[in-house]
Every structure is written in structure tokens, then in C-alpha cells.
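Listed below are the residues making up each chain.
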Amino acid sequence: MKLTIATINLNNLDGLQRTLPSIFAQTYTEYELIVVDGASTDGSKEFIASQQRIDIWVSEPDHGIYEAMNKAVRLAHGDYCLFMNSGDIFFSPQALEQSVDSLDGCDYIAGHSVFVENFKSYTYVPPCELSHEYLFINALNHQALFTRTEILRQYPYNENMRIVSDWEQYFRTWYLHGSTYKKLNAYVAVFFLDGISTVNWPRQLKERDECVRRLIADSEGEKRQILKESYEKFLKEHPWMDPAHKEDNAGTKPLTRKERKRKRRNKYRERMRRKLEKSLRKASPFQRDLSVVRYGLKYFFKDLFLWW
């Protein structure tokens, strides 16, 4: 069998109900589907049990997503593994059909993907070639990354990491062990920016830094020196990526202009909501209505002249 699709889930029934139909809709059907659930209590287990097209599934406690992913790899029979975890979906019903012929023995094969945030979509295109400079600041999206199963068995995910173990796994095997990589010119997946790796940026920075320093320590000779000097240069040029940086913006990702604008708008809306709620709590109907009108007029003029 050429391909195993693995779906990891914990109390995300809504995500499962989005992901599994996306998998079942694929025009290419010669795959094995494994679902590993962490003993969910929200109805996920019952939903999984009702799906006849799942080849293997388990629902039992685990210690995190990477233990569950390693478990899926041990159960896999495909030459390649693709992790389409709960909440992720394929880009189109033809995504696998357009990708499977490229699974030719290369260790890592990365396709294009689309990520969605606040109802807006953005395209991710993987690099033509990997470099440690690229990986210091970027990642290959596991939803669109076909990984040779034997590589995952030989070098399993580090279960002590909460966020970046998949990033560490391919960085380490590529840099230290010479695993091969190629770009796939097809769109594979859509994913939503609401996972732990997105919302917990300081923790991700800390784990990335630990992984790189561990990789430097495990390297030898010229490789060690090159990686060490490159990482030191990278941190000087991108101090906000250094968890040890002491400035006010340490451990935070710089906001784009659109993100700053959205943050101001959200703060403005929240302030308006609190003021109106305070007005509605007034005991006197006259005071309540007067206060609502006053704040309504205030924010009306702000909307006219101060909407950034």
C-alpha cells in the first residue's frame, strides 16, 4: 500500500465531522485511514465507531499529540504517512489523485496548502530546496507533507515536545541524516489557524530554540560550526525569535499592518460593548436610554472619523 492517512483527535467532534468527509470524498481511494483518538468525551468516539470507511481506529488516553502520531505510525501499513488531523481538510477531492504519483521514494514530499484565519485565506508554497536558514523561521505543513513511513519509525516524534516535534523531526533527519526532500506542485490541504502552535507563539519559540540548540550539540565538525554560526546570526537579525531577548516585544511575533489594524478594531469594539452593557444595567429606564443614546452617538462619530 502506498499511503496511510492518519487523523489525530481529542474532543474535537466538530473538527472530525469536517475532516473525515473530506478524506472520504477523495477520488483516489487506495489509501489506509487510521484514526487515533485520545479517549474523547464529546461524542468523538461514537462518531468514529459509526464510520465504516475507517480501517483502524483506537480511542484511549495518551500524553499528547505526538504520542498519538507515533502510535499511528506504528499502526501504518502505507509506504507514506500523511497527517490530516481533526479540523484539517483536503484542498479538493482530487488532491490525493494529483499527488500520489509523486510518492516515488523521496523521504519528504511537501505540497502546497491554504490556511484560513478570521475567514480570510492565504496560500503557503513550500520551498524548492530546504535550508537551515529557511527552517529557522518557517515550517513544512504536516497537513500537506507526505513522509516516508520508515523515516518516521526510525526517527519518531519527540513526545516531550508539545508544539514543534514534527518540525524538529524533519529538520533533524534532513540536516543530520541526509534525508531527501522535494516540492510537490499540487495543492493538498486547507488548515485553520486555531491550533496550539498558532495561539501559543512564546511556547513555540522556546521549543524551537531548544530543538536547534540540541541539534547543534548533536552535530559534528563543519556541520556543527555552520549551524551554530548561522543560528547566532539569525537571532541577531531576528531578535524577536530569541526567547532570551529582554526587550518588551520578547517572545512575541511582530504584527503586520493588517494585524495591528484588526487588533485596534477589536479593542475598540470590546470597549464599546462594555459601555453599552453598563448602560443597560442602569435601574432607571430614562438613565438607561439616555446613556445608550450618548454612547451610541459617541461611537457613531468615531466610526465616521476614526475608523482606521
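Trainee: Honestly, the nonpolar core in this entry has me stumped. Any pointers?
Mentor: A general trend in soluble globular proteins is that nonpolar side chains are found buried together. Core analysis: the largest hydrophobic core is formed by 31 residues, its most contacted members being Leu135, Leu140, Trp167 and Phe171. For this core, the elements supplying multiple residues, two or more each, are strand 6 (108–117), helix 4 (132–137), helix 6 (165–177), helix 8 (201–218) and helix 9 (221–237). Residue contributions to this core peak at six residues, all from helix 8. Filtering out sequence-adjacent residues up to four positions away, Leu140 remains in contact with Ala110, Tyr124, Pro127, Leu130, Leu145, Tyr170 and Tyr181. Grouped together as the second largest cluster of nonpolar side chains are 30 residues, Ile48, Phe90, Ile109 and Val188 included.

Trainee: How should helix 8 be read in this particular structure?
Mentor: Within an α-helix, residues lying three or four positions from one another point in the same direction, as the helix has 3.6 residues per turn. A rise of 1.5 Å per residue sets the reference length of helix 8, with its 18 residues, at 26 Å; its end C-alpha atoms lie 26 Å apart and thus fit the reference within 8%. When we look at burial in helix 8, the residues that qualify are Trp201, Gln204, Leu205, Glu207, Arg208, Asp209, Cys211, Val212, Leu215 and Ile216.

Trainee: Is there a simple way to think about the side chain of His132 in this case?
Mentor: Residue placement: His132 occurs in helix 4. One polar contact links His132 to Ser230, side chain to side chain, over a distance of 3.1 Å. Ignoring sequence-local partners within four residues, the contact set of His132 consists of Phe171, Trp174, Tyr175, Ile226, Leu227 and Ser230.

Trainee: Help me understand the pairing of strand 2 (residues 31–37), please; the structure alone is not making it clear to me.
Mentor: Two faces make up the sheet, and in a regular strand the side chains alternate between them. Burial of strand 2 is extensive: seven of the seven residues sit out of reach of the surface. With burial as the criterion, each face of strand 2 is covered, one bearing Tyr31, Leu33, Val35 and Asp37 and the other bearing Glu32, Ile34 and Val36. Bridge count between strand 1 (residues 3–9) and strand 2: seven bridges; the pairing is parallel. The residue of strand 2 that forms the bridge with Thr7 is Val35. Handedness of the β-α-β unit built from strand 2, helix 2 (residues 44–49) and strand 3 (residues 56–59) comes out right-handed.

Trainee: Any chance you could explain helix 9 here in plain terms?
Mentor: The end-to-end C-alpha distance of helix 9, which contains 17 residues, comes to 25 Å, matching closely the 24 Å that a straight helix rising 1.5 Å per residue would cover. Every buried residue of helix 9 is listed here: Leu227, Ser230, Tyr231, Phe234 and Leu235. Down the axis, helix 9 shows its buried residues gathered within 130 degrees of arc, on one side only. With respect to the buried face of helix 9, the exposed residues turned more than 90 degrees away are Gly221, Glu222, Lys233, Lys236 and Glu237.

Trainee: Help me understand the packing of helix 8 against helix 9 in this model?
Mentor: Each pair of packed helices gets described by two things: the angle between the helix axes and the distance between those axes. For the pair helix 8 and helix 9, the least separation of the axes is 8 Å and the interaxial angle reads 150 degrees. Relative to helix 9, the element helix 8 lies roughly antiparallel. Contacts between helix 8 and helix 9 involve Asp209, Val212, Arg213, Leu215, Ile216 and Ala217 from the former and Arg224, Leu227, Lys228, Tyr231 and Leu235 from the latter. Here the residues of the contact of helix 8 with helix 9 sort into seven nonpolar, no polar and four charged.

Trainee: I would appreciate a short explanation of the environment of Arg224 in the present structure.
Mentor: Tracing the chain through its elements places Arg224 in helix 9. Taking C-alpha positions, Arg224 is 9.7 Å from Leu176, a pair spaced 48 residues apart along the chain. With residues near it in sequence (within four places) discarded, Arg224 still touches Ile216, Ala217 and Ser219.

Trainee: Can you walk me through a positive patch on the surface in this structure?
Mentor: Together, Lys278, Arg281, Lys282, Arg294 and Lys298 give the surface a local cluster of positive charge. Residue position: Lys282 is located in the loop between helix 10 (257–280) and helix 11 (285–305). With a relative accessible area of 34%, Lys282 lands in the partly exposed category.

Trainee: Is there a simple way to think about unusual backbone geometry in this case?
Mentor: Note: most peptide bonds trans; most residues except glycine with negative phi. If you check the backbone angles, Asn11 has positive phi at about 50 degrees while not being a glycine. Take Asn11: it is sitting in the loop between strand 1 and helix 1 (13–24). With a phi angle near 60 degrees, Ala39 is a residue other than glycine that sits in the positive phi range. Within the element layout of this structure, Ala39 appears in the loop between strand 2 and helix 2.

Here is what the cut-offs are and how they apply
Residues numbered from 1 in each chain as written. Predicted model: local features only at pLDDT ≥ 70, side-chain atom pairs only at ≥ 80, totals over all residues. Heavy atoms only, no water. Core = buried A, V, L, I, M, F, W, Y, C linked by side-chain atoms within 4.5 Å. Buried < 20%, exposed > 50% of the residue type's maximum accessible area, 1.4 Å probe, protein only. Helix = DSSP H or I, 4+ residues; strand = E, 2+ residues; numbered from the N terminus. Contact = heavy atoms within 4.5 Å. Expected span 1.5 Å × (residues − 1). Polar contact = N/O pair within 3.5 Å; in protein donor to acceptor, adjacent residues only side chain to side chain. Pairing = 2+ DSSP bridges. Right-handed = clockwise from strand over helix to strand, strands pointing away. Arc of directions from axis to C-beta. Axes fitted to C-alpha atoms, helices over the stretch in contact; angles between N-to-C directions. Parallel < 35°, antiparallel > 145°, perpendicular 65-115°, else oblique. Nonpolar A, V, L, I, M, F, W, Y, C, P; charged D, E, K, R; others polar. Patch = residues over 30% accessible without salt bridge, like charges linked within 9 Å, V, L, I, M, F, W, Y side chains within 5 Å. Areas by Shrake-Rupley, 256 points an atom, 1.4 Å probe, with all protein chains shown as cover. Salt bridge = Lys/Arg side-chain N within 4 Å of Asp/Glu carboxyl O. Lys, Arg positive; Asp, Glu negative; His and termini not counted. Charge placed at Lys NZ, Arg CZ, Asp CG, Glu CD.

Limitation: the analysis is restricted to geometry and does not speak to function.
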